[in-house]
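# Structural overview
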Amino acid sequence: QVQLIESGGGLVQAGGSLRLSCAASGRTFTQHAMGWFRQAPGKEREFVATIRWSGEGASYADSVKGRFTISRDDAKNTVYLQMNSLKFEDTAVYYCVRGPLFGDTWSRPRDVDYWGQGTQVTVSS
């Protein structure tokens, strides 16, 4: 059974920064693409960022490009999302997700095979 445990969410003023972490269980972490999705109140879950299984290559939603950075530390079975220059519209529950085995970056929720429980990020304007 795979578990994805997010941490690092909270309340921050617009323009501030947060770093989300996701600790993953399971021996095949290093073989899977990983990513982050988010869901704002009243909206569908949406793609934020994903990273290739090898760590060489990442994709970002246009709305976060240049402000967010996804990374992974395979020695710690952990994936991160550094969020800078946060905006009010970044307010959402952020979910760590596991993607395809030996996978490239992706953006479709249907390609996620495991979801974390989510961590709330609230940006005050």
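Refer to the preceding data block for the structure.
Residues numbered from 1 in each chain as written. Predicted model: local features only at pLDDT ≥ 70, side-chain atom pairs only at ≥ 80, totals over all residues. Heavy atoms only, no water.

For the structure on display, the rule yields one disulfide. The residue that forms a disulfide with Cys-22 is Cys-96, at a sulfur-sulfur distance of 2.1 Å. Across the S-S bond of Cys-22 and Cys-96 the torsion is about -75°, and the bridge reads as left-handed. In this pair, Cys-22 sits in strand E3 (residues 18-24) while Cys-96 sits in strand E9 (residues 92-101), placing the two residues 74 residues apart along the sequence. (Disulfide = S-S within 2.5 Å. Helix = DSSP H or I, 4+ residues; strand = E, 2+ residues; numbered from the N terminus.)

Attention now goes to the side chain of Ser-21. Tracing the backbone through its elements, the reader meets Ser-21 in strand E3. Note on Ser-21: relative accessible area 17%, which makes it buried. Sequence-distant contacts of Ser-21, defined by excluding residues within four places in its chain, comprise Ile-5, Glu-6, Ser-7, Trp-36, Thr-78, Val-79 and Tyr-80. (Buried < 20%, exposed > 50% of the residue type's maximum accessible area, 1.4 Å probe, protein only. Contact = heavy atoms within 4.5 Å.)

If you trace the four strands from one edge of the open sheet to the other, you get E1-E3-E8-E7, paired in antiparallel fashion. Two strands lie at the open edges of the sheet, namely strand E1 (4-7) and strand E7 (68-73), each paired on one side alone. In this sheet, adjacent strand axes meet at a mean angle of 15° when their direction is disregarded. Here six bridges tie E7 to strand E8 (residues 78-83), and the two strands are oriented antiparallel to one another. By the bridge assignment, Ile-70 is partnered in E8 with Leu-81. (Pairing = 2+ DSSP bridges. Axes fitted to C-alpha atoms, helices over the stretch in contact; angles between N-to-C directions.)

That is the geometry; function is a separate question.
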